[in-house]
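# Results of the structural survey
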Amino acid sequence: MITLSSDFGWPYPAAMRGVIASRSDARLVDITHDFPRGDVYTSAFWLREILPWFPPSVHLVVIDPGVGTDRAVLAIEAGEHILVGPDNGVLLPAAKALSDDPRAFALESIEAESSTFHGRDVFAPLAARIHEWEAPLDTVPEMRSMDAVAEIEFPDPTITDEDALGEVLVVDGFGNAITNVPGEFLAEQMGEHIGVDGRSTPVARTYAAVDTGEPLVTVGSHGNVELAVRDGRGAAAFEVEKGSSIRLHR
Amino acid sequence: MITLSSDFGWPYPAAMRGVIASRSDARLVDITHDFPRGDVYTSAFWLREILPWFPPSVHLVVIDPGVGTDRAVLAIEAGEHILVGPDNGVLLPAAKALSDDPRAFALESIEAESSTFHGRDVFAPLAARIHEWEAPLDTVPEMRSMDAVAEIEFPDPTITDEDALGEVLVVDGFGNAITNVPGEFLAEQMGEHIGVDGRSTPVARTYAAVDTGEPLVTVGSHGNVELAVRDGRGAAAFEVEKGSSIRLHR
Amino acid sequence: MITLSSDFGWPYPAAMRGVIASRSDARLVDITHDFPRGDVYTSAFWLREILPWFPPSVHLVVIDPGVGTDRAVLAIEAGEHILVGPDNGVLLPAAKALSDDPRAFALESIEAESSTFHGRDVFAPLAARIHEWEAPLDTVPEMRSMDAVAEIEFPDPTITDEDALGEVLVVDGFGNAITNVPGEFLAEQMGEHIGVDGRSTPVARTYAAVDTGEPLVTVGSHGNVELAVRDGRGAAAFEVEKGSSIRLHR
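Residues numbered from 1 in each chain as written. Chains lettered and ligands numbered in written order. Predicted model: local features only at pLDDT ≥ 70, side-chain atom pairs only at ≥ 80, totals over all residues. Heavy atoms only, no water.

Moving on, we come to the interface of chain A and chain B. Between chain A and chain B, the contact holds 27 residues from the first and 30 residues from the second. Interface area, chain A with chain B, both sides summed: about 2,300 Å², of which 64% is carbon and sulfur. On the chain A side of the interface with chain B, the three residues burying the most area are A:Trp53, A:Phe174 and A:Ser221, jointly 31% of the side's total. Here chain A is connected to chain B by zero salt bridges. For the interface between chain A and chain B, the tally reads eight residue pairs in polar contact (both at pLDDT 80 or more). Secondary structure elements with two or more residues in the side of chain A that touches chain B: strand 2 (28-32), helix 2 (40-50) and strand 13 (215-219) of chain A. It is strand 2 of chain A that contributes the most residues to the side of chain A that touches chain B, four residues altogether. When grouped by side-chain class, the residues that make up the side of chain A that touches chain B number 15 nonpolar, six polar and six charged. (Contact = heavy atoms within 4.5 Å. Buried area = accessible area lost by both parts, 1.4 Å probe. Salt bridge = Lys/Arg side-chain N within 4 Å of Asp/Glu carboxyl O. Polar contact = N/O pair within 3.5 Å; in protein donor to acceptor, adjacent residues only side chain to side chain. Helix = DSSP H or I, 4+ residues; strand = E, 2+ residues; numbered from the N terminus. Nonpolar A, V, L, I, M, F, W, Y, C, P; charged D, E, K, R; others polar.)

Attention shifts here to the packing of aromatic side chains. A full pass over the atoms with the stated rule returns 33 aromatic pairs over all chains. On the basis of an interplanar angle of 50° and a centroid distance of 6.3 Å, the ring pair of A:Phe174 and B:Tyr12 is categorised as tilted. Remark: B:Tyr12 occurs in helix 1 (residues 12-23) and A:Phe174 occurs in the loop between strand 9 (163-171) and strand 10 (177-182); the pair is interchain, linking two chains. By relative accessible area, B:Tyr12 is classed as buried at 9%. If you follow B:Arg250 out to its NZ or CZ, it ends over the ring of B:Phe185, 4.1 Å from the centre. (Phe/Tyr/Trp six-rings, centres within 6.5 Å; stacked < 30°, edge-to-face > 60°. Buried < 20%, exposed > 50% of the residue type's maximum accessible area, 1.4 Å probe, protein only. Lys NZ or Arg CZ within 6 Å of the ring centre and 35° of its normal.)

Our focus in this paragraph is the side chain of B:Glu77. All names here are of chain B. With respect to the element layout, Glu77 can be found in strand 4 (residues 73-78). A polar contact of 2.7 Å, which involves the side chain of Glu77, links it to the backbone nitrogen of Leu137. Other than its neighbours up to four places away in sequence, Glu77 contacts Ile82, Asp101, Pro102, Arg103, Phe105, Ala135, Pro136 and Leu137.

It is worth spelling out helix 1 of chain B at this point. The end-to-end C-alpha distance of helix 1 of chain B, which contains twelve residues, comes to 18 Å, matching closely the 16 Å that a straight helix rising 1.5 Å per residue would cover. Looking only at helix 1 of chain B, the buried set comprises B:Tyr12, B:Pro13, B:Ala14, B:Ala15, B:Met16, B:Arg17, B:Gly18, B:Val19, B:Ile20 and B:Ala21. (Expected span 1.5 Å × (residues − 1).)

This next bit is on the relation of the copies chain A and chain B. The two copies are related by a screw operation: chain A maps onto chain B through 120° of rotation and 0.0 Å of translation along the axis, at an RMSD of 0.0 Å. Both copies of the chain, as the preceding transformation shows, are related through a three-fold rotation axis. Taking C-alpha positions as reference, the residue of chain A nearest the rotation axis is A:Arg27, located at 5.5 Å. Comparing interface residues between copies, only 4% of those in chain A also lie at the interface in chain B; the contact surfaces differ. (Least-squares fit on C-alpha atoms with pLDDT ≥ 70 in both.)

Across the contact, 30 residues belong to chain A and 27 residues belong to chain C. Interface area, chain A with chain C, both sides summed: about 2,300 Å², of which 63% is carbon and sulfur. Contact with chain C buries surface across chain A, with A:Trp10, A:Tyr12 and A:Thr116 losing the most and accounting together for 30% of the total. Counting across the interface, chain A meets chain C through zero salt bridges. Taken together, the links from chain A to chain C amount to eight residue pairs in polar contact (both at pLDDT 80 or more). Those elements that place two or more of their residues in the side of chain A that touches chain C are helix 1 (12-23) and helix 4 (118-133) of chain A. In terms of residue count, helix 1 of chain A provides more of the side of chain A that touches chain C than any other element does, eight residues in total. A class-by-class count of the residues in the side of chain A that touches chain C yields 13 nonpolar, nine polar and eight charged.

All we've got here are geometric facts, nothing functional implied.
This is the structure in structure tokens:
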């Protein structure tokens with residue numbers, strides 16, 4: 001199986017599908033092609049949340065604002081998974097979620113028809129070849145081991161008995177603001193209220209626990225604290241966006 | 001085959017794909033993940049129109065504004081199809097279109113990692129298991145028979161020789177307003193004009209029968225009367241939306 | 001393999017997937033269903049760019065503003081590929097890119113349940129049947145040879161030593177304005193500046209060669225000159241749209 005992720009929208013993902021289908025019988029499964037354009041940080045967050053739900057696969061990831069520059073073309077072995085994409089940090093959080101000991105390799109020689117669409121000309125062919133090789137990457141002459149690769153790190157919150165100082169990592173398509181505060185912080189407040197930057201807000205296990213249009217604090221499917229509005233957009237209601245600092249206080 | 005429907009947009013559908021692919025070799029086919037957020041009624045309409053075109057399948061449907069509440073987790077046998085989703089009415093119109101005698105079952109025990117993403121944690125695993133069981137649901141200990149489930153009913157029009165009092169059921173992505181008036185009402189007016197809330201409008205078999213930008217009344221692919229504009233948005237031109245009353249008069 | 005292309009958005013493509021899956025075990029691969037509504041010209045451009053990356057396939061293409069009229073229902077043999085769609089020009093540029101000698105056939109008899117959704121009722125069943133026939137179309141009684149079909153031609157630029165008078169063919173989802181001027185026109189200016197309608201603009205191989213928000217002229221993955229902005233929308237910055245005339249001058 002080869003999964004495909006990009007920020008291409010349409011129609012460019014289809015060219016990658018064609019390139020892979022021309023070189024491999026691998027099953028193709030889309031993650032999404034609607035990652036925010038050039039947003040390596042948000043894409044890395046979602047890939048970390050989603051790829052571990054897949055069976056062993058080759059994961060093609062093309063969020064590549066540096067296309068055509070000298071950034072390396074990576075393949076990272078992470079357990080039985082292999083992630084393929086640019087060396088800009090987008091792969092590493094997912095690789096670390098998949099394995100305690102991911103190993104990075106770079107493509108020795110980049111030959112591309114274009115300087116602007118390495119998804120089609122470099123990454124998709126590499127993903128197809130890796131799928132067909134069925135060999136550990138350290139046995140493949142086309143790849144060389146990398147000691148250091150670009151990393152993205154998500155900030156840690158500061159948590160005391162009284163409060164949690166955290167950050168909005170991403171806003172999802174529903175408008176939920178996903179923070180870096182672990183859901184456990186809410187464990188004893190469930191069913192009660194908590195302060196969000198001074199605003200007393202119900203803490204609930206489900207969106208439907210409050211009335212339509214009402215704000216709530218919950219634990220999202222990623223295990224983190226999430227600022228939400230039932231049938232509405234939490235980020236707008238709490239006036240936050242990616243990167244906003246937030247304080248939860250008991 | 002397992003089909004997937006949701007209102008998740010991106011990237012959450014990918015987690016469901018991964019969960020299923022981890023547990024089953026079933027072919028995955030997306031219906032759409034762009035159903036209007038939380039709109040059980042509109043989703044039920046489209047599923048009724050679309051699922052009958054599929055060969056026997058397990059249909060995973062996650063339009064679930066009540067996620068995490070005590071609404072049941074359903075599997076409905078409808079002929080050779082099985083629909084899996086929440087007990088909020090979204091499954092039943094399609095189930096009735098697929099079979100005169102659909103039979104509903106509920107999952108006995110709901111064990112979920114999250115309270116906010118049962119698509120990933122409950123419904124997708126259940127769809128995969130049903131696909132693998134290949135057994136009638138009344139022989140499966142994990143499921144219990146349900147006598148009553150939530151229903152959505154689409155309103156009937158009132159039709160006389162002179163007029164039809166109906167309702168806009170949904171507006172499609174093209175902006176066509178799809179009513180509950182059967183297309184037969186137009187049979188004798190084809191090529192002529194009909195009144196729509198007092199406005200004389202051409203009745204045509206095809207959008208291209210009128211000039212670009214002109215309104216028309218036609219019979220949509222669902223067999224119902226549709227208010228449209230060639231290369232434009234009928235709902236805007238006729239000033240209607242989901243739930244609007246309309247009167248067609250000869 | 002059957003590829004699917006349309007301007008349907010959601011949920012109509014799913015009905016086509018169901019129809020095909022009911023009649024064929026062919027693998028289904030989406031090109032996109034987000035082609036601009038009714039825009040045969042733009043769709044034809046992208047299909048010409050993308051379909052040649054696929055292995056031999058049946059390509060179902062439903063951009064069909066004349067649905068239900070007497071336009072022919074085509075299948076075009078182009079090498080080992082077969083394109084299926086309406087006779088409005090949308091298929092021909094891709095067919096010519098796939099073969100020097102494409103051969104067009106029309107479906108003898110069109111029997112459709114609807115007049116408004118031939119994608120579901122005519123084109124998808126035909127694509128499935130062609131996939132199953134595995135026979136040259138001139139041996140199939142259901143098809144008749146066509147001498148002339150609708151064509152779309154993309155305009156040629158006028159190029160001198162000093163300048164190129166061209167046109168914006170399409171704007172992609174990133175906002176890049178893709179022109180009809182061949183990339184070779186930039187060969188000697190690479191790394192320098194060129195005039196775009198009087199505005200001196202850097203010429204670069206990659207978007208990342210200029211600062212964020214800065215305009216550039218580059219060679220896109222299609223081989224043509226492209227007006228772009230790093231991490232922004234070139235069409236907006238250069239105030240052009242599909243069909244705009246542009247002049248590049250050294």
